[in-house]
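A look at the structure
The lines below spell out each chain.
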Amino acid sequence: MRKLVNSTYITLDGVIENPMWTAPYFDEEAMGLAGELTDAADAMLMGRATYDGMSVAWPQQDESDPTTGAAYFNNVKKYVASTTLTDPTWNNTEVLQGDLVEAVRKLKAQDGRNIIQYGFGSVTAQLVDAGLVDEVRFWIHPVLQGAPSVTTPLNDFTASFDLVDTRVHKSGVIVATYRPKSAA
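Every value quoted in this text rests on a predicted model; they were computed, and no experiment measured them.

What counts and what doesn't
- Residues numbered from 1 in each chain as written.
- Predicted model: local features only at pLDDT ≥ 70, side-chain atom pairs only at ≥ 80, totals over all residues.
- Heavy atoms only, no water.
- Helix = DSSP H or I, 4+ residues; strand = E, 2+ residues; numbered from the N terminus.
- Rg over C-alpha atoms; globule rule 2.2 N^0.38 Å.
- Buried < 20%, exposed > 50% of the residue type's maximum accessible area, 1.4 Å probe, protein only.
- Contact = heavy atoms within 4.5 Å.
- Phe/Tyr/Trp six-rings, centres within 6.5 Å; stacked < 30°, edge-to-face > 60°.
- Lys NZ or Arg CZ within 6 Å of the ring centre and 35° of its normal.

For the rest of this paragraph, the subject is the overall build of the protein. Within the protein one finds 5 helices and 8 strands. Listed N to C, the secondary structure of the protein is β-α-β-α-α-β-β-α-β-α-β-β-β in terms of helices and strands. Taken against the 2.2 N^0.38 rule, which gives 16 Å for 184 residues, the C-alpha radius of gyration of the protein at 16 Å falls within 12% of a compact globule. Across its three principal axes, the protein shows a C-alpha extent of roughly 45 × 40 × 30 Å. Here the protein, with 184 residues, has 43% of them falling under the buried criterion. In the protein, 71% of the contacts between residues at least 6 apart in sequence involve partners at least 24 apart.

Encoded structure:
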């Protein structure tokens, strides 16, 4: 069974939206870890807000430059959880139909490598509740943004996690990897 790995960039004050503030910290160490994540994944899952941001940004990047990651993001199989998106324009994108949990359960049962998901919002919360997220990596950046925390308020969502790995980068970024605890 494929693993669903969530990778979320976050500031010290909990901001994840529009992560342009990550640029000064995306050094060789970060590129190496990001490359490990994408090398292990042959599909990407996202909610509508993440799709809206990434589908505009990535096609503008130079695919011939391997340091941008554009060739991967523009060509990997992408799945979007949305009830309003009907005709995605970003290459190799499919909108999930029907029940989100059932659709992701079917994706995970398919042959293939990991499925990577960026950002932590309502889609991730639903999938954590359903026991479908295998790993969450928070890339904690030494930045305060002063903006609203978390893109989508996650009212009534609670979850506990076990720490499975920590990497401290020279830039000050801490990548904390967790596994959701099973619901008791």
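At Asn 18, a residue that is not glycine, the phi angle is positive and equals roughly 45 degrees. As for its placement among the helices and strands, Asn 18 is situated in the loop between β1 (4-11) and α1 (28-39). Using a relative accessible area of 55% as the deciding quantity, one classes Asn 18 as exposed. With phi around 65 degrees, Asn 92 is a residue other than glycine that occupies positive phi space. Among the secondary structure elements, Asn 92 is positioned in the loop between β3 (77-81) and β4 (93-95).

Okay, the environment of Val 128 next. As for its position among the elements, Val 128 is in helix α5 (residues 122-129). According to the relative accessible area criterion, Val 128 is buried, its value standing at 10%. Taking C-alpha positions, Val 128 is 9.2 Å from Ser 182, a pair spaced 54 residues apart along the chain. Sequence-distant contacts of Val 128, defined by excluding residues within four places in its chain, comprise Phe 120, Val 133, Phe 157, Ala 159, Phe 161 and Pro 180.

Our next topic: the packing of aromatic side chains. Across all of its chains, the model carries 8 aromatic pairs by this definition. Between Trp 58 and Phe 73 the ring centres are 4.3 Å apart and the planes differ by 20 degrees, which places this aromatic pair in the stacked class. Separated by 15 residues along the polypeptide, Trp 58 in the loop between α2 (48-57) and α3 (70-75) and Phe 73 in helix α3 bring together distant segments of the chain. Owing to a relative accessible area of 18%, Trp 58 belongs among the buried residues under this scheme. Ring geometry for Phe 161 and Tyr 178: centres 6.2 Å apart, planes at 65 degrees, overall edge-to-face. In this pair, Phe 161 is assigned in strand β7 (residues 161-168) and Tyr 178 in strand β8 (residues 174-180), connecting sequence segments 17 residues apart. Taking the relative accessible area as the measure of exposure, Tyr 178 reaches 25% and is therefore partly exposed. Grouped by ring-pair contacts, the aromatic residues Trp 58, Tyr 72, Phe 73 and Tyr 118 constitute a single cluster. Its guanidinium or amino end placed over the ring of Trp 90, Lys 78 lies 4.6 Å from that ring's centre, counting from NZ or CZ.

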